Amino acid sequence: MCGIFGFIGKGNIQDIVRKGLQTLEYRGYDSCGYALLSDSGLKVEKKIGKGKIEELTSSLPINGSHRLRIISHTRWATHGRVTQENAHPQLDCAREIALVHNGIIENYKAIKESLEQEGHRFISETDTEVITHLIEKYIKRYEFEEAVKKALTELRGSFAVVVMWVNAGKVIAACKHSPLAIGIAGDNFFVASDAMAFLKYTKKVIFLEDEEMAVIDRGVDILPFGKNRKREKVFQEISMEPGKIEKGDFPHFMLKEIFEQPTVVKSTARHILNSLFFANTPPRIIKEVERIILVGCGTSWHAGLLGEYMIEELSGVPVEVEYASEFRYRNPVLSERDLVIAISQSGETADTLAALREAKKKCNVFAICNVPGSSMDRISDYVLYTKAGPEIGVASTKAFTAQLTVLYLFALYLAREKERISQQVIDIHIKELQNIPAKMEMILGRSKEIENISQYFLGKNNALYLGRGFQFPIALEGALKLKEVSYIHAEGYPAAEMKHGPIALVDQEMPVVFIAVQDSSYQKIMGNVEEVKARGGFIIALVNDEDREVKKIADMVIPVPETSQYIMPLLTVIPLQLLAYYTALKRGCDVDKPRNLAKSVTVE
Ligand code: M6R
């Protein structure tokens, strides 16, 4: 789940590599490193710990009058702890081959054992190191390209690798089930896990396909290393814009992104209305679809749960929601009239991508995705883009509300196509959605009150989040936000389920957050609030401005404006995001880069 960045050419490589790696830091940030090949040989540098890219790259030349080759890496540890030895690039015994890797080599233990018997000495605990030693083994008998090819065909699992050898002027990049993009700008070449890392310099890109390798020197050759046939090398012009990654006046990306939500909902709604409702080319499957399966992970999976409520209620089309990681391995029964929709901010989450690939063999696949040009964007039959802009904070916030906006409009569109609701009713729904940004602003205007409430969480070890109906997924999302950024253990539950176990945990030491807005579950959840109160629980309740009942019982309340129950989650999630943010901040946590996490989970 790491970021790879390589450059072959002339220029200020300190700046090029620094910016490239910083753009890729969302993929992992526990250590970083580079290998530089110049006339004076191979230079390898590594740094351990978060936020070390600037320090690492300060040893790189600024004046780029010579043609250089550099490969670099920002790591999210899978095999082996965060140590100097385990950071990339990994080297062979002779320290002549340097390689960076993203992915997991499943059969690395067997390969390592046999290479050790042949005399290779390993210094890291990584799966990656077997690749360098395998290439070292073959390079004694074969040309560089051939040796790399031979090594790669022995690997099982998913990988993107970029490798250099001191005796060859070229750099080889290769991938299988893990993305790699090659960029060209005149005589200069880039290779990266995400084209965004070099978009500032060029928009001419080739995305490597599975089991392909690119040999980069003064030009690029694309060769298969697996069963693929050799393909024509065609650089495409991509329309992505290098996203602005600045915090502006905000202390953290997470806070900035929470505050961007009114704008994000507006632009996402505008985009979906234009592309889905007003375009004349809706995919035919929409009229014929008999079942929808929504797949995703983490926050995107929570969006899927809400999508299920919206789509089933509005369009009557049955929906199933699955964790992508489970769906991909359970050989799901799918027919031609099924539609699988992957939900993903990054478009690169390994499990969601694999689920999409699996589904594509049997039915149509769509994606709801925030990153044009991402792997999911490229393999889907149709993409509904969220217009959230780059989301940098590891905790997903604005991408979630953008996903809900898309799902809501998609549900309405489907309802229209299935002749379940009239245009007049759709217009009422859309009008209500258009009022959401202003209501979001009202909640954001109350952030100081939420910051005060977060004080209560400081010494706590556990929290329970409860909601019903449309607010149950929000309870899950609120709990996920709190745990991932503040490290307080939090559980989200359907409020009525509480009696079947979690109620045993209730005491003064565990805050219970109720999402008790006035929707069709209001009377029911009132009963659950009473049950917790009767057991001495400490209640923090999200209520509507007009609420009278819950306000009397709860210890603390957070008011939110009213709207229809379908889009109330767009409002109720915001105080929970803020609560997590302020709690984490007060506990001294790194909110934008929480420990052990990465923004994009590109390994399974
Ligand atoms: O990029 P994706 O939406 O596919 O990512 C899915 C999850 O990894 C992501 O939502 C994760 O759970 C976030 N850290 C949640 O804040």
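Source: prediction; values computed, not measured.

## Some details on the nonpolar core
Thinking step 1. Within the largest apolar cluster, 92 residues are counted, with the highest numbers of intra-cluster contacts made by Ile292, Ile311, Phe410 and Tyr465.
Thinking step 2. In terms of domain composition, this core takes at least three residues from each of domain 2 (252–434) and domain 3 (448–592).
Thinking step 3. By size, the runner-up hydrophobic cluster in this structure holds 30 residues, among which are Ile105, Ile111, Ala151 and Ile172.

## As for the pairing of strand β6 (residues 97–105)
Thinking step 1. Across the 9 residues of β6, 9 count as buried, placing the element largely inside the fold.
Thinking step 2. Pairing of strand β5 (residues 90–91) with β6, which is carried by 2 bridges, proceeds in the antiparallel orientation. What sits directly across from Leu91, in β6, is Ala98.
Thinking step 3. What sits between the antiparallel neighbours β5 and β6 is a turn of 5 residues, in which Arg95 has the positive phi angle 55°.
Thinking step 4. Across 9 bridges, β6 lies against strand β7 (residues 157–165) in antiparallel orientation. Paired with His101 across the strands is Val161, a residue of β7.

## Notes on the domain arrangement of the protein chain
Thinking step 1. Each assigned domain of the protein chain is listed with its residue range as follows: domain 1 (3–237), domain 2 (252–434) and domain 3 (448–592).
Thinking step 2. Computed from C-alpha atoms alone, the centre-to-centre distance between domain 1 and domain 2 is 34 Å.
Thinking step 3. Listed as interface residues are 6 residues of domain 1 and, on the opposing side, 6 residues of domain 2.
Thinking step 4. Taking both partners together, domain 1 and domain 2 bury about 600 Å²; carbon and sulfur atoms supply 59% of that area.
Thinking step 5. Sorting the residues of domain 1 by area buried against domain 2 places His177, Pro179 and Phe207 first, and these three jointly supply 53% of that buried surface.

## Thoughts on the pairing of strand β15 (residues 291–296)
Thinking step 1. Summarising burial for β15: 6 of the 6 residues are buried, a large majority.
Thinking step 2. A two-sided burial pattern is seen for β15, the buried positions comprising Arg291, Ile293 and Val295 on one face and Ile292, Leu294 and Gly296 on the other.
Thinking step 3. Examined bridge by bridge, β15 and strand β17 (residues 338–344) share 5 bridges and lie parallel to one another. Within the sheet, the bridge partner assigned to Leu294 lies in β17 and is Ile341.
Thinking step 4. Strand direction decides the pairing type here: β15 and strand β16 (residues 319–323), joined by 5 bridges, are parallel. Looking across to β16, one finds that Gly296 is bridged to Tyr323.
Thinking step 5. Handedness of the crossover joining β15 and β16 through helix α9 (residues 298–315) is recorded here as right-handed.

## Brief notes about the sheet that holds strand β2 (residues 31–38)
Within a beta sheet, neighbouring strands are joined by backbone hydrogen bonds and run either parallel or antiparallel to one another.
Thinking step 1. Strand order in the open sheet formed by 8 strands is β3-β2-β4-β1-β10-β9-β11-β14, and the pairing between neighbours is antiparallel. Two strands in the sheet have a free side with no partner beyond their single neighbour: β3 (41–48) and β14 (236–237).
Thinking step 2. Relative to strand β4 (residues 68–75), β2 is paired through 7 bridges, and the arrangement is antiparallel. What sits directly across from Tyr34, in β4, is Ser72.

## Details of the pattern of salt bridges
Thinking step 1. Per the stated rule, a full pass over the model turns up 29 salt bridges.
Thinking step 2. With its nearest N and O atoms 2.9 Å apart, the salt bridge here joins Arg81 to Glu125. With a gap of 44 residues between them, Arg81 in the loop between β4 and β5 and Glu125 in the loop between α3 (108–117) and α4 (129–139) connect regions that are remote in the sequence.
Thinking step 3. Among the residues examined, Glu125 registers a relative accessible area of 34% and is labelled partly exposed.
Thinking step 4. Between Glu320 and Arg291 there is a salt bridge whose closest N-O contact spans 3.0 Å. Of this pair, Glu320 sits in strand β16 while Arg291 sits in strand β15, and the two are 29 residues apart along the sequence.
Thinking step 5. In this structure, a network of salt bridges that share partners links the residues Lys256, Glu260 and Lys398.

## Here we look at the sheet that holds strand β20 (residues 462–467)
Thinking step 1. Read across the sheet, 5 strands follow the order β21-β20-β22-β23-β24 without closing on themselves; strand pairing throughout is parallel. Taken across any chain shown, the strands that pair with only one partner, and hence form the sheet edges, are β21 (489–494) and β24 (556–560). With direction set aside, neighbouring strand axes in the sheet form an average angle of 20°.
Thinking step 2. Both β20 and strand β22 (residues 511–515) contribute to a ladder of 3 bridges, which runs parallel. Bridged to Leu464 within β22 is Val512.
Thinking step 3. Along the sheet face, helix α18 (residues 522–534) touches β20, β22 and β23 (538–544) and points at about 170° away from the line of β22.

## Focus: the side chain of Ser178
Thinking step 1. Along the polypeptide, Ser178 turns up in the loop between β8 (171–176) and β9 (181–185).
Thinking step 2. Polar side-chain contacts of Ser178 include one of 2.9 Å to the side chain of Asn102.
Thinking step 3. Residue contacts for Ser178: discarding those within four places in its chain leaves Asn102, Phe159, Ala160 and Asp210.

## A short note on the packing of α4 against helix α5 (residues 144–153)
Thinking step 1. In the contact formed by α4 and α5, the axes pass within 8 Å of each other and the chain directions differ by 130°. Looking at the two axes, α4 sits oblique to α5. With respect to the hand of their crossing, α4 and α5 are arranged in right-handed fashion. In this structure, α4 contributes Ile131, Leu134, Ile135, Tyr138 and Ile139 to the contact, and α5 contributes Phe144, Ala147, Val148, Lys150, Ala151 and Leu152.
Thinking step 2. Class assignment for the residues of the contact of α4 with α5 results in 10 nonpolar, no polar and 1 charged.

## Things to note about the packing of aromatic side chains
Thinking step 1. By the definition in use, this model includes 17 aromatic pairs.
Thinking step 2. When the ring of Phe277 is compared with that of Tyr413, the centres are 5.4 Å apart and the planes differ by 75°; the resulting orientation is edge-to-face. Of this pair, Phe277 sits in helix α7 (residues 261–277) while Tyr413 sits in helix α13 (residues 398–417), placing them 136 residues apart in sequence.
Thinking step 3. For Phe277, a relative accessible area of 7% translates into the label buried.
Thinking step 4. Each ring, one from Phe470 and one from Tyr566, has its centre 5.5 Å from the other, and the planes form 80°; the classification is edge-to-face. Residue Phe470 is found in the loop between β20 and α17 (472–486), and its partner Tyr566 is found in the loop between β24 and α20 (568–586); the two are separated by 96 residues along the sequence.
Thinking step 5. Phe470 gets classed as buried once you look at its relative accessible area, which sits at 3%.
Thinking step 6. Residue Tyr566 is classed as buried on the basis of its relative accessible area of 14%.
Thinking step 7. Three or more aromatic residues link up through ring pairs in this structure, and these residues are Phe5, Phe7, Phe190, Phe198 and Tyr201.
Thinking step 8. The aromatic ring of Phe207 is capped on one face by Arg378, whose charged end is 3.9 Å from the ring centroid.

Calculation rules
- Residues numbered from 1 in each chain as written.
- Predicted model: local features only at pLDDT ≥ 70, side-chain atom pairs only at ≥ 80, totals over all residues.
- Heavy atoms only, no water.
- Core = buried A, V, L, I, M, F, W, Y, C linked by side-chain atoms within 4.5 Å.
- Buried < 20%, exposed > 50% of the residue type's maximum accessible area, 1.4 Å probe, protein only.
- Domains from an automatic or database assignment.
- Helix = DSSP H or I, 4+ residues; strand = E, 2+ residues; numbered from the N terminus.
- Pairing = 2+ DSSP bridges.
- Contact = heavy atoms within 4.5 Å.
- Buried area = accessible area lost by both parts, 1.4 Å probe.
- Right-handed = clockwise from strand over helix to strand, strands pointing away.
- Salt bridge = Lys/Arg side-chain N within 4 Å of Asp/Glu carboxyl O.
- Axes fitted to C-alpha atoms, helices over the stretch in contact; angles between N-to-C directions.
- Polar contact = N/O pair within 3.5 Å; in protein donor to acceptor, adjacent residues only side chain to side chain.
- Parallel < 35°, antiparallel > 145°, perpendicular 65-115°, else oblique.
- Left-handed = near helix turned anticlockwise from the far one by under 90°.
- Nonpolar A, V, L, I, M, F, W, Y, C, P; charged D, E, K, R; others polar.
- Phe/Tyr/Trp six-rings, centres within 6.5 Å; stacked < 30°, edge-to-face > 60°.
- Lys NZ or Arg CZ within 6 Å of the ring centre and 35° of its normal.

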